[in-house]
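For reference, the chains in residue letters:
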Amino acid sequence: MSDLDKCGENASLGVEGKKEISVLMKSFHLVDFWRLKNPSSRVYSWFNSDLTIAFRLDRFLISKSLIKSTRSCEYAFRMVEK
């Protein structure tokens, strides 16, 4: 949902559903915990074949009421930072 979650030419592609996810997050008081804990990180979970476009497709949504009870949120697969 952040501009940091995408990079490359035509990075505006693939934002379908952004409004719906925002409504869902607001309605159920959810937060993307990974982005909260990593406010300036550029880490991507999808790349096109020539690595010119990348997105962080996944979201780690938790209830805002759980923020104080949660210590960390990390990717379990090898990450590539661009």
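In what follows, the structure referred to is the one given above.
Rules used in this analysis
- Residues numbered from 1 in each chain as written.
- Predicted model: local features only at pLDDT ≥ 70, side-chain atom pairs only at ≥ 80, totals over all residues.
- Heavy atoms only, no water.
- Helix = DSSP H or I, 4+ residues; strand = E, 2+ residues; numbered from the N terminus.
- Buried < 20%, exposed > 50% of the residue type's maximum accessible area, 1.4 Å probe, protein only.
- Polar contact = N/O pair within 3.5 Å; in protein donor to acceptor, adjacent residues only side chain to side chain.
- Pairing = 2+ DSSP bridges.

A. Molecular detail of the environment of R42. Of note, R42 is situated in the loop between α2 (33-37) and β3 (43-44). Residue class for R42 comes out partly exposed when judged on its relative accessible area of 35%. Only 3.2 Å separates the side chain of R42 from the side chain of Y44, close enough to count as a polar contact.

B. Focus on the sheet that holds strand β5 (residues 53-55). Read from one edge to the other, the open sheet built from three strands follows the order β1-β5-β4, with strand pairing classed as antiparallel. Two strands close off the open sheet at either side, each with one partner strand: β1 (6-8) and β4 (46-47).

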